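A closer look at the structure
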Amino acid sequence: MGRFLIVVFFVVIGGSFSACSDLPRVRVLHDPLTSEEHVRLGLAYEVEGRTELATREYDDALRKEHGYMPALIGLGNLAFDRGAMKEAEAYYRQALSTAPEDPGVNNNLAMVYLSQQEKLDEAERLANLALAQGGPLQPYVLDTMAHIYVRQRRYREAQTVLNNAEALAPPYDRTLHQRLAQLQQELASSYPRTEQGLEVEQ
């Protein structure tokens, strides 16, 4: 399925992290960085593919502030990339205990279940909760929802949600548009059958 997690650091933290990527990693007895700064640096390392350093920064953020949600999300995203879905689920669940209605975390946890093709009813519930919050993440959550419906063979609903996602997708996000186009192709081979009354509901 590939990685398409919502990275919420930009929403939660904001600001630029690009300058952090050039800083050397120095260990000192007194940690001068805040939890937020550790997460910014961790995200910079993650973008560069330096996952071990990213993990270290997220861990440092949690040592500074127990239960710090952006660090939990970062660790969950790294676990998802490794295919460690149970670990990713645990991190996202911890993050939700801090912010149970956060749309990014709910969407990411829904993607864990979707990637395993299990607990699809729970994945749908999480995606609906994320959608209820509105905001700029809506097209990404709609993408998740459309994939859930396809897995459940609810093709008519998938088509409706997919159309909504395409209407809201930001024009600059080529990755999202590619995912939506790919799903449209997948639906094209299945949806005509539903028009004949052969839709299968689970």
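Positions within a chain are numbered from 1, following the residues in the order the chain's sequence is written. The predicted nature of this model means local features are confined to residues of pLDDT at least 70 and side-chain atom pairs, given and counted, to a pLDDT of 80 or more, with totals for whole chains, interfaces and linings taken over all residues. To obtain the side-chain values, all non-hydrogen atoms of the structure were used and water was disregarded.

1. Side note on the pattern of salt bridges
Applied cut-off: By definition here, a salt bridge exists when the distance from a side-chain nitrogen of Lys or Arg to a carboxyl oxygen of Asp or Glu is within 4 Å. Secondary structure is summarised from DSSP: a helix means a run of H or I of at least four residues, a strand means a run of E of at least two, and numbering begins at the N terminus for each.
Enumeration over the complete set of coordinates arrives at twelve salt bridges. The salt bridge involving R50 is made with E48; its shortest N-O contact spans 3.2 Å. A salt bridge links R151 to E186; the nearest nitrogen and oxygen atoms lie 3.4 Å apart. Here R151 is found in helix α8 (residues 138-151), whereas its partner E186 is found in helix α10 (residues 174-188), with 35 residues between them in sequence. Overlapping salt bridges, with partners in common, bring together R93, E122 and R125 in one network.

2. Topic: helix α7 (residues 120-132)
To keep things clear, this is the line we draw: To estimate how far a helix should reach, multiply one less than its number of residues by 1.5 Å. Exposure categories follow from relative accessible area, calculated using a 1.4 Å probe and restricted to protein chains: below 20% of the type maximum is buried, above 50% is exposed, and the middle band is partly exposed. Note that the arc is computed from the directions linking the helix axis to the C-beta atoms. Whether two residues touch is decided by their heavy atoms; if any such pair falls within 4.5 Å, the residues are in contact.
Between its terminal C-alpha atoms α7 stretches 18 Å, which fits the 18 Å expected from 13 residues at 1.5 Å a residue. Every buried residue belonging to α7 is among L120, A123, E124, L126, A127, A130 and L131, and all of these are buried. In a view along the axis of α7, the buried residues occupy a sector of 165°, so they form one face of it. Turned more than 90 degrees off the buried face of α7, the exposed positions are D121 and A132. Residues of α7 that are buried make contact with α5 (85-98), α6 (103-116) and α8.

3. Remarks on the environment of V39
With respect to the helices and strands, V39 occurs in helix α2 (residues 35-47). Residue V39 is classed as buried on the basis of its relative accessible area of 0%. The sequence separation of V39 and A71 amounts to 32 residues, and the corresponding C-alpha distance is 6.0 Å.

4. A short note on the nonpolar core
Test applied: Side-chain atoms within 4.5 Å are what join buried Ala, Val, Leu, Ile, Met, Phe, Trp, Tyr and Cys residues into a set we call a nonpolar core.
Within the largest apolar cluster, 56 residues are counted, with the highest numbers of intra-cluster contacts made by Y58, A71, F80, Y92, V105, L109 and V112. In this structure L109 touches E89, Y92, R93, L96 and L126, once residues within four positions along its chain are discounted.

5. Some words on the confidence of the model for the protein
Our working rule: pLDDT expresses, on a scale from 0 to 100, how confident the predictor is about each individual residue.
Mean pLDDT for the protein: 85, with 80% of residues reaching 70 or above. This stretch, residues 8-21, has a pLDDT under 50; its non-local contacts, to residues over four places away or in other chains, come to 33 contacts. The model gives residues 196-202 a pLDDT under 50, and that stretch makes 15 contacts with residues more than four places away or in other chains.

6. Some thoughts on unusual backbone geometry
Positive phi values are uncommon outside glycine, yet K119 reaches one of about 50°. Within the secondary structure layout, K119 lies in the loop between α6 and α7. Note on K119: relative accessible area 43%, which makes it partly exposed. One non-glycine residue, R153, adopts positive backbone phi at about 65°. Tracing the backbone through its elements, the reader meets R153 in the loop between α8 and α9 (155-168). The exposure class assigned to R153 is partly exposed, which follows from its relative accessible area of 43%.

7. Some details on the environment of L131
In this structure, L131 sits in helix α7. Given a relative accessible area of 18%, L131 falls into the buried group. Setting aside chain neighbours within four positions, we find L131 in contact with Q138, V141, L142 and M145.

8. Some remarks on the environment of Q117
Here Q117 shows up in the loop between α6 and α7. On the accessibility criterion, Q117 (57% relative accessible area) is exposed. Each C-alpha atom of the pair Q117 and R151 lies 7.5 Å from the other, and the pair is 34 residues apart in sequence.

9. Brief notes about the packing of α6 against α8
Note the cut-off: To get an axis, fit a line to the C-alpha atoms, keeping to the stretch in contact for a helix; angles then go from 0 to 180 degrees between the N-to-C directions. Under this scheme an angle from 65 to 115 degrees is roughly perpendicular, one under 35 degrees roughly parallel, and one over 145 degrees roughly antiparallel; angles in between are oblique. By convention the crossing between two helices is left-handed if the near helix lies anticlockwise of the far one by an angle smaller than a right angle, and right-handed if it lies clockwise.
Here α6 crosses α8 at 25°, and the two axes come no closer than 10 Å. Regarding the angle of α6 to α8, the classification is roughly parallel. The handedness of the crossing between α6 and α8 comes out as left-handed. Contacts between α6 and α8 pair N107, A110, M111 and L114 from the former with Y140, V141, T144, H147, I148 and R151 from the latter.

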